[in-house]
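Fold and geometry: a report
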Amino acid sequence: TATKRVALVTGSTSGIGLAIAKKFASIGYDVAVNSFESETDIAEAMAEIGANASGRVAYFRADLADPTDSFELVGSVIAKFGQLDVLVNNAGVQKVAPVEDFPPGDWDRILAISLDSAFHTIRASIPGMTERGWGRIINIASAHGLRASPFKSAYVATKHAVIGLTRTVALETAEKGVTANAICPGYVWTPLVATQVADQARAHNLSEEEVVRQVMLAPQPTRQFVQPEEIAEMAAYLCSDFARSITGSAISIDGGWTAK
Ligand code: NAD
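What counts as what
Residues numbered from 1 in each chain as written. Predicted model: local features only at pLDDT ≥ 70, side-chain atom pairs only at ≥ 80, totals over all residues. Helix = DSSP H or I, 4+ residues; strand = E, 2+ residues; numbered from the N terminus. Rg over C-alpha atoms; globule rule 2.2 N^0.38 Å. Buried ≥ 20, exposed ≤ 12 C-beta atoms within 10 Å, placed from the backbone. Contact = placed C-beta atoms within 7 Å. Near = placed C-beta within 6 Å. Nonpolar A, V, L, I, M, F, W, Y, C, P; charged D, E, K, R; others polar. Domains from an automatic or database assignment. Pairing = 2+ DSSP bridges. Axes fitted to C-alpha atoms, helices over the stretch in contact; angles between N-to-C directions. Right-handed = clockwise from strand over helix to strand, strands pointing away. Expected span 1.5 Å × (residues − 1). Arc of directions from axis to C-beta. Core = buried A, V, L, I, M, F, W, Y, C linked by C-beta atoms within 7 Å. Parallel < 35°, antiparallel > 145°, perpendicular 65-115°, else oblique. Left-handed = near helix turned anticlockwise from the far one by under 90°.

**Observations concerning the overall build of the protein**
Secondary structure assignment for the protein yields eight helices and seven strands. The C-alpha atoms of the protein give a radius of gyration of 18 Å, which matches the 18 Å a tight globule of 260 residues would have. Every one of the 260 residues in the protein was classed for burial, and the buried ones make up 43%. Taking as baseline every contact in the protein between residues at least 6 positions apart, the subset at least 24 positions apart corresponds to 73%.

**Brief notes about the site of the ligand**
Of all residues adjacent to the ligand, which total 29 residues, the nearest are Gly-11, Gly-15, Ser-35, Gly-92 and Thr-190. Counting residues per element, the ones that place at least two in the shell around the ligand are helix H1 (15-26), strand S2 (30-35), helix H4 (104-132) and helix H6 (191-204). In terms of residue class, the shell around the ligand is built from 14 nonpolar, 13 polar and two charged. Two domains each provide a minimum of three residues to the shell around the ligand, namely domain 1 (6-186 + 227-252) and domain 2 (189-225).

**What to know about the environment of Pro-67**
Looking at where Pro-67 falls in the secondary structure, it is placed in helix H3 (residues 67-81). For Pro-67, a count of 13 C-beta atoms within 10 Å gives the class partly exposed. A sequence separation of 54 residues divides Pro-67 from Thr-121, and the C-alpha atoms of the two residues are 9.0 Å apart. Leaving out residues up to four positions away in the same chain, Pro-67 has contacts with Asp-116 and His-120.

**Quick look at the sheet that holds strand S5 (residues 135-140)**
In space, the seven strands of this open sheet follow the order S3-S2-S1-S4-S5-S6-S7, with parallel pairing throughout. Of all strands in the sheet, those with a lone pairing partner are strand S3 (57-61) and strand S7 (250-253), marking the two edges. The mean angle between the axes of side-by-side strands here comes to 20 degrees, regardless of whether they run parallel or antiparallel. Pairing of strand S1 (residues 6-9) with strand S4 (residues 86-89), which is carried by three bridges, proceeds in the parallel orientation.

**Some remarks on the pairing of S4**
Regular strands place their side chains on alternate faces of the sheet. Taking every second residue as pointing to the same face, both faces of S4 are buried, with Val-86 and Val-88 on one and Leu-87 and Asn-89 on the other. In the classification by handedness, the crossover that spans S4, the intervening H4 and the parallel S5 is right-handed.

**Topic: H1**
With 12 residues, H1 extends 17 Å from end C-alpha to end C-alpha; this agrees with the ideal 16 Å at 1.5 Å per step. Counting buried residues along H1, 11 of its 12 residues qualify, which places the element largely inside the surrounding structure. Among the residues of H1, Gly-15, Ile-16, Gly-17, Leu-18, Ala-19, Ile-20, Ala-21, Lys-22, Lys-23, Phe-24 and Ala-25 are the ones counted as buried. Downstream of H1 by one or two residues, Gly-28 has phi in the positive range, about 95 degrees.

**Some thoughts on the domain arrangement of the protein**
Per the domain assignment, the segments of the protein are domain 1 (6-186 + 227-252) and domain 2 (189-225). Computed from C-alpha coordinates alone, the two centres of domain 1 and domain 2 are separated by 25 Å. Contacts between domain 1 and domain 2 engage six residues on the former and six residues on the latter. Looking at the side of domain 1 that touches domain 2 residue by residue, the classes come out as two nonpolar, four polar and no charged.

**Describing helix H8 (residues 228-238)**
Three or four residues apart is the spacing at which side chains of an α-helix point the same way, because the helix has 3.6 residues per turn. Listing the buried residues of H8 in full gives Pro-228, Ile-231, Ala-232, Ala-235 and Leu-238. The buried residues of H8 occupy an angular sector of 120 degrees when the element is viewed end-on, so they sit on one face. Each element contacted by the buried residues of H8 is listed here: H1, S4, S5, strand S6 (178-185) and S7.

**Overview of the nonpolar core**
The nonpolar side chains of soluble globular proteins are, as a tendency, buried together. Core analysis: the largest hydrophobic core is formed by 65 residues, its most contacted members being Ala-7, Ile-20, Val-31 and Val-88. In terms of residues, this core owes the most to one element, H4, which gives eight residues. Ignoring any residue separated from it by four or fewer positions in sequence, one finds Ile-20 in contact with Val-9, Ser-12, Val-88, Asn-90, Ile-231, Ala-232 and Ala-235.

**Description of the packing of H1 against H8**
One can describe the packing of H1 onto H8 by two numbers: an axis separation of 8 Å at closest approach and a directional angle of 50 degrees. Here H1 is positioned oblique relative to H8, judged by the angle of their axes. With respect to the hand of their crossing, H1 and H8 are arranged in right-handed fashion. Contacts from Gly-15, Ile-16, Ala-19, Ile-20, Lys-22, Lys-23 and Phe-24 of H1 reach H8 at Pro-228, Glu-229, Ile-231, Ala-232, Glu-233, Ala-235 and Ala-236. Tallied by class, the residues present in the contact of H1 with H8 amount to nine nonpolar, one polar and four charged.

Now the structure itself:
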């Protein structure tokens, strides 16, 4: 489209967020990159995003575990780029432990980063979007927003809640040119998952290939990882004008996981 648009992607120096930031940069958006990482990680990600960018790209450090940081992140992006049209809530963390042993601090942190931060960035973004009559809110949930797995209580609870938040926001903004959707990936091949393969292989005394097929991809009927670019293409599609009627949806990209 001819209109200049600005996208904020949270947690966009790695994995899925990085792929989404690269996609939006490559189709001419001004892109606000966010994370809470070391300087070297940021420099690498910014170089990758900038490589095919035709709009502006800027980095915004914010700790999304902090409600004030989350809310003010949106204000900083608007101060820099003049507006915010697309909000992608992607930052997320995982912790695996039985519920009775689940560290309460990790519970709080997982909810703060993936759920509370989405509430704060959304409430900061909606006034500008509704004023201009166009906006896209995309929350990266998970197959775990629709199905459970053992030992992931905080993550599963958070992702279910993110879908509920998405549906509510969709109803509230339905007549204002704003859509809100959740994307629900199955296992995606990201640095986070890649490092788990070696750890799981040691823990289960299996080869890395066996871990991938027998442990990680057991719930994913395709027995293949989703690639981050597949999520990025869906995010871009949701921002097209043809996607204006897709709102309040939880869109699965999970190799058939939730067909079962
Ligand atoms: P990743 O670890 O590769 O990237 C996570 C990003 O979030 C990083 O850029 C990190 O800096 C950022 N982040 C973490 N804590 C933060 C904080 N406190 N403040 C700001 N940024 C912070 O992870 P990923 O696999 O790309 O996952 C991205 C999203 O996709 C998450 O919400 C995750 O739950 C979801 N998801 C991932 C998979 C998968 O298999 N990889 C599947 C379903 C859903």
